[in-house]
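# Chain and residue survey
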Amino acid sequence: MTRTILVTGGGTGIGKAVAAKFATSGAVVYVTGRRKDVLVSAAAELGPSVRPLVCDSTDPEQVTAALAGLDGPIDVLVNNAGGNTDFDLPEQDGLAGVLARWRANLDANLISAVLTTTAVEDDLAEGGSVIHIGSIAADQGAGSYGAAKAGLASWNVDLAKQLGARKITANVVSPGYIRETEFFRDKLPAERAEQLVDATSTGRAGIPADIAETVYFLASAGARHITGQTFGVNGGAYPTR
């Protein structure tokens, strides 16, 4: 049976890798994002089963409009849209600047997931999966970005309880340092990148495929009794027990 997958922020980096993984399994994959050219290019590269939907996941009207045309129930929702918006905002002094930065990161990384999940909640297939892309920053700190990702993990606990009666699982995949993405906007100094790699036990940076494989497992038959959890994929940079 062909599965239907929805990946927000699916045009580049981790989201694109997730879309590619599901597409190779024969699923129909919808990818959302704000940049039409990027989405169309990604869909063309990944094949005819990948379908672009232009949408800003922080805008309720755009979310509603973009997702209204989805065909059939959604078997897997991957909330990947987000990133540290501090890299994009201009400097602004005073409390107004603080408010702008916090709101931007909360909207991009938490509210976007809440809006998308709520919009498609009734269309989630029984026995399906909701998977959010979190961050090691939720545990190690990174200002408003880390707080937003921590909020995402906390909200997921309630979501898992809410969806559990329909046998839908809800989990968070929390990456560490991942290369081959747009996350740092090419602003990460080489010295800092080396420090991030040195902090791992595996001696390497992560790549988008590492995250995609974990997401794919959490949406598989072997993970039907795993829910309400956060999984670190960070090469041991932040170990847990």
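In what follows, the structure referred to is the one given above.
None of these values were measured; they are calculated from a predicted model.

A few words on the packing of helix α1 (residues 13–24) against helix α8 (residues 208–218). One way to put it is that α1 packs onto α8 with a least axis distance of 8 Å and a crossing angle of 50°. With respect to their mutual orientation, α1 and α8 come out oblique. Between α1 and α8 lies a crossing whose hand is right-handed. Facing Gly13, Ile14, Ala17, Val18, Lys21 and Phe22 of α1, the residues of α8 in contact are Pro208, Ala209, Ile211, Ala212, Glu213, Val215 and Tyr216. Looking at side-chain class alone, the contact of α1 with α8 contains ten nonpolar, one polar and two charged residues.

The terminal C-alpha atoms of helix α4 (residues 94–120), which comprises 27 residues, lie 38 Å apart, in line with the 39 Å expected from a rise of 1.5 Å per residue. The sharpest bend along α4 reaches about 45° and sits at Asp107.

We now examine helix α7 (residues 190–198). Taken together, the buried positions of α7 are occupied by Ala193, Leu196 and Val197. Down the axis of α7, the smallest arc covering the buried residues is 100°, so these residues share one side. Facing away from the buried side of α7 by more than 90 degrees, the exposed set consists of Glu191 and Asp198.

The backbone of Lys167 shows a phi angle near 60°, a positive value even though the residue is not glycine. Secondary-structure assignment places Lys167 in the loop between α6 (143–164) and β6 (169–175).

Attention shifts here to the pattern of salt bridges. Applying the stated criterion across every chain, the model contains three salt bridges. Of the charged contacts, one joins Glu45 and Lys16 as a salt bridge, the two residues approaching to 2.6 Å between their closest N and O atoms. Here Lys16 lies in helix α1 and Glu45 lies in helix α2 (residues 36–46), a separation of 29 residues in the sequence. One salt bridge in this structure joins Glu213 and Lys21, with 3.2 Å as the shortest N-O distance. With Glu213 in helix α8 and Lys21 in helix α1, this pair connects stretches of sequence that are 192 residues apart. Given a relative accessible area of 23%, Lys21 falls into the partly exposed group.

Neither face of strand β1 (residues 4–7) is left uncovered, since the one carrying Thr4 and Leu6 and the one carrying Ile5 and Val7 both have all their residues buried. A crossover links β1 with its parallel partner strand β2 (residues 28–33), the connecting element being α1, and its sense is right-handed. Bridge count for β1 against strand β4 (residues 74–79) is three bridges, and the pairing is parallel. Directly across from Ile5, in β4, lies its bridge partner Val76.

Among the structural elements, Gly203 can be located in the loop between α7 and α8. Accessibility expressed as a relative area gives 53% for Gly203, which makes it exposed. Residues Gly203 and Gly236, spaced 33 residues apart in sequence, show a C-alpha to C-alpha distance of 9.4 Å.

The rules behind each value
- Residues numbered from 1 in each chain as written.
- Predicted model: local features only at pLDDT ≥ 70, side-chain atom pairs only at ≥ 80, totals over all residues.
- Heavy atoms only, no water.
- Axes fitted to C-alpha atoms, helices over the stretch in contact; angles between N-to-C directions.
- Helix = DSSP H or I, 4+ residues; strand = E, 2+ residues; numbered from the N terminus.
- Parallel < 35°, antiparallel > 145°, perpendicular 65-115°, else oblique.
- Left-handed = near helix turned anticlockwise from the far one by under 90°.
- Contact = heavy atoms within 4.5 Å.
- Nonpolar A, V, L, I, M, F, W, Y, C, P; charged D, E, K, R; others polar.
- Expected span 1.5 Å × (residues − 1).
- Bend = angle between axes of the 7 residues up to and from the residue.
- Buried < 20%, exposed > 50% of the residue type's maximum accessible area, 1.4 Å probe, protein only.
- Arc of directions from axis to C-beta.
- Salt bridge = Lys/Arg side-chain N within 4 Å of Asp/Glu carboxyl O.
- Right-handed = clockwise from strand over helix to strand, strands pointing away.
- Pairing = 2+ DSSP bridges.

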